[in-house]
Amino acid sequence: MQASFTAHVVSNREIAPGAYLLRFKRSFDFIAGQVIRIGVDTSGETRLYSIASGNSDENVDILYTVNPEGGLTPALSGLRPGDHVLHSEVFGRFICREECAVWIAAGTGIAPFASMAFSGQHSGKILLFGGRSRQRLYFHGQLNDLLGSNYIPCCSRESFSGAFHGRVTDYLKSLKQIDLAVPHYLCGSAGMVVDVRDILIEKGLAFEKVFAEIFF
Amino acid sequence: MFGSTLKELTGIAAELGMPSYAGRQLAEWMYKRHVADIGRMSNLSKADRKKLEEHYALGNSDPVKVQTSVDGTKKYLYQSVGGRFVEAAYIPEGKRHTLCVSSQVGCKMGCLFCMTGKQGFQGQLTAGEIVNQVRSLPERDLLTNIVYMGMGEPFDNLEEVMKSLEILTEDYGFGMSPKRITVSTIGIIPAMRVFLEKSSCHLAVSLHSPFEEERRKLMPIEHVYSLSEVLSTIREFSPGKQRRTSFEYIVFKDLNHSQRHVNELARILNGIRYRINLLRFHPIPGTPLASPDDESIEQFQAALERKGLITTIRRSRGQDIYAACGLLSTKGQQDKKLQ
């Protein structure tokens, strides 16, 4: 699980203030939802990221936000096309195999669901995605195109047509009922995951139907 | 300065033009004599003490609140940097006096059964803030054991936890035997590997189900680091006589104590030197999980022992003051502060 492989950076774009999409050439197979360890140099810090691109794409996309005091992301954001990035083998089991499911994400927690959607697993899925601003609803256009009315963006600090104004937790609380028959997959910060899980359980969903991926 | 290793203290001394042995003297004053005031470090020259006071503070503090359980357990509340709060639980039991320390404010791991997880993550504790929970404990001189089982996942704060372990176990520090210290993890493998390589302290792993499919519904970490990989890593390090691995197993009503669980535990723990600690689940608000009765836990233990598995039933301690396993939380203090 060490970041001992190198890849060429194809691009590294700032897609929202402080949020980047790192793209490098794919040289391995993976299952949508899996994670990979990323680093810049062999002696520096490495971190785990969910892959955000489709499993047939030519490149691998990593969505990250820069923590100015962090040991990795300031250096990661400085990578330019042609530079090397370090990565591990892919691993992890946050994999959705069901035909029907609800996906719930906030912020960069969209990555595994974006990967699933871009890998062709979006049929039969409902995606609830929260971001502070429209800019932070990463992949908004692509997800909207793929999922249509099954894509429910929630924007807490901006109001715009087609989006619920509020957090994903507010949206869930506003629902009279939820689908208790399908699994719910969650990805986001610890606070978001715990709050969403509590709401789902309160609304009658069995905890066995909640699968969560956490940031750490 | 409190929470600095000997190497760091020697660096501080050099930076201020103090003698090379002053680092060890500083360690002695802080970690053995437990002084809370640089002015009382009487074997340092007055000029050196003045320089230290100008550039550094000790940075330790006393608990701001204590609650005492009917069973003698005490829960101490500490205010850390930035007005955040953490708790530590002191658990006296016969000749054994255990302190359960926190390593983070809140936790990122989101385990379904844990009260700390419900408050989310607010920050990392420094080594000084971890060791300060020991230093400032009124019962410090009675302590026989320290367990890193309070708030937070220790291996999500590896660097500071390793520093704190060095200070607690090295001769220049508290000089405790590593056999008296246990660090508990849910199984963050890369950090666990560093710990197994560099520390002689005991390891405890939160298990709670031998089946990965069940465990991932209780503990999201299973999606990233699976139990089978955690166990393979433990086997790889073959702890030997010095180190014991214990597996913490919270028993939930009608969930994880069937014969099927007994059989699978026997299978997966084969070849590991271990002990299983069975703990009753302590219900938390809004949980879908329930606590089993005593008889169920005893039957489960008997079934495990028939398979040759070494088990202990851990008594619940401090449940009336929310100091028992899985109940520590400072969400209330954090919320009050935000208001």
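Just so it is clear, the model here is predicted, and its values are computed rather than measured.

A. Up close: the overall build of chain B. A tally of helices and strands in chain B yields twelve helices and twelve strands. Its C-alpha radius of gyration of 21 Å places chain B within 12% of the 20 Å reference for a compact globule of 339 residues. When its C-alpha atoms are laid out on the principal axes, chain B stretches across 70 × 45 × 40 Å. Of all 339 residues assigned to chain B, the portion counted as buried reaches 59%.

B. Just the domain arrangement of chain A, in detail. All names here are of chain A. By the assigned domains, chain A splits into domain 1 (5–87) and domain 2 (101–214). Listed as interface residues are 18 residues of domain 1 and, on the opposing side, 15 residues of domain 2. Among the residues domain 1 hides against domain 2, the three largest losses belong to Ala32, Ala52 and Leu63. Together they make up 34% of the total. Elements supplying a minimum of two residues to the side of domain 1 that touches domain 2: strand S1 (5–16), strand S2 (19–25) and strand S5 (59–65). Residue contributions to the side of domain 1 that touches domain 2 peak at three residues, all from S5. Its residues placed into classes, the side of domain 1 that touches domain 2 shows twelve nonpolar, six polar and no charged.

C. The arrangement of unusual backbone geometry in detail. Residues and elements named next belong to chain B. Its identity is not glycine, yet His34 carries a phi of approximately 55°, on the positive side. Structurally, the position occupied by His34 is in the loop between helix H2 (22–32) and helix H3 (46–55). The residue His208 is not glycine, and still its phi comes out positive at about 70°. Tracing the backbone through its elements, the reader meets His208 in the loop between strand S9 (202–206) and helix H8 (212–218).

D. Structural detail: the pattern of salt bridges. Tallied over the full model, the rule gives 23 salt bridges over all chains. For Glu45 of chain A, the salt bridge identified is with Arg47 of chain A, shortest N-O distance 4.0 Å. In this structure Glu45 of chain A comes out as partly exposed when scored by relative accessible area, which is 38%. In this structure Arg47 of chain A comes out as partly exposed when scored by relative accessible area, which is 32%. Via salt bridges that share partners, Glu213, Arg216 and Lys217 of chain B belong to a single interconnected network.

E. Molecular detail of the sheet that holds strand S6 (residues 84–87) of chain A. Residue and element names in this part refer to chain A. Reading across the sheet, the six strands line up as S4-S3-S6-S1-S2-S5 and stay open at both edges, with antiparallel pairing between neighbours. The sheet is open, and its two edges are formed by strand S4 (46–50) and S5, each paired on a single side. Here the strands of the sheet are splayed against their neighbours by 40° on average, with no regard to which way each runs. The sheet contact formed by S1 and S2 spans six bridges and is antiparallel. Note that in S2 the partner of Arg13 across the bridge is Leu21.

F. Main features of the packing of helix H1 (residues 6–15) of chain B against H2 of chain B. Residue and element names in this part refer to chain B. Two elements in contact, H1 and H2, have axes whose closest approach is 7 Å; the angle formed by their N-to-C orientations is 120°. As the angle between them shows, H1 and H2 are arranged oblique. Between H1 and H2 the crossing geometry is right-handed. Mapping the contact onto sequence places Leu6, Leu9, Thr10 and Ala13 in H1 and Ala22, Gly23, Arg24, Leu26, Ala27, Met30 and Tyr31 in H2. A class-by-class count of the residues in the contact of H1 with H2 yields eight nonpolar, two polar and one charged.

G. Representation of the state of the cysteines within the structure. Per the stated rule, a full pass over the model turns up zero disulfides over all chains. No disulfide involves Cys107 of chain B; its sulfur sits 6.3 Å from that of Cys114 of chain B, the nearest cysteine.

Rules behind the numbers
- Residues numbered from 1 in each chain as written.
- Chains lettered and ligands numbered in written order.
- Predicted model: local features only at pLDDT ≥ 70, side-chain atom pairs only at ≥ 80, totals over all residues.
- Heavy atoms only, no water.
- Helix = DSSP H or I, 4+ residues; strand = E, 2+ residues; numbered from the N terminus.
- Rg over C-alpha atoms; globule rule 2.2 N^0.38 Å.
- Buried < 20%, exposed > 50% of the residue type's maximum accessible area, 1.4 Å probe, protein only.
- Domains from an automatic or database assignment.
- Contact = heavy atoms within 4.5 Å.
- Buried area = accessible area lost by both parts, 1.4 Å probe.
- Nonpolar A, V, L, I, M, F, W, Y, C, P; charged D, E, K, R; others polar.
- Salt bridge = Lys/Arg side-chain N within 4 Å of Asp/Glu carboxyl O.
- Pairing = 2+ DSSP bridges.
- Axes fitted to C-alpha atoms, helices over the stretch in contact; angles between N-to-C directions.
- Parallel < 35°, antiparallel > 145°, perpendicular 65-115°, else oblique.
- Left-handed = near helix turned anticlockwise from the far one by under 90°.
- Disulfide = S-S within 2.5 Å.

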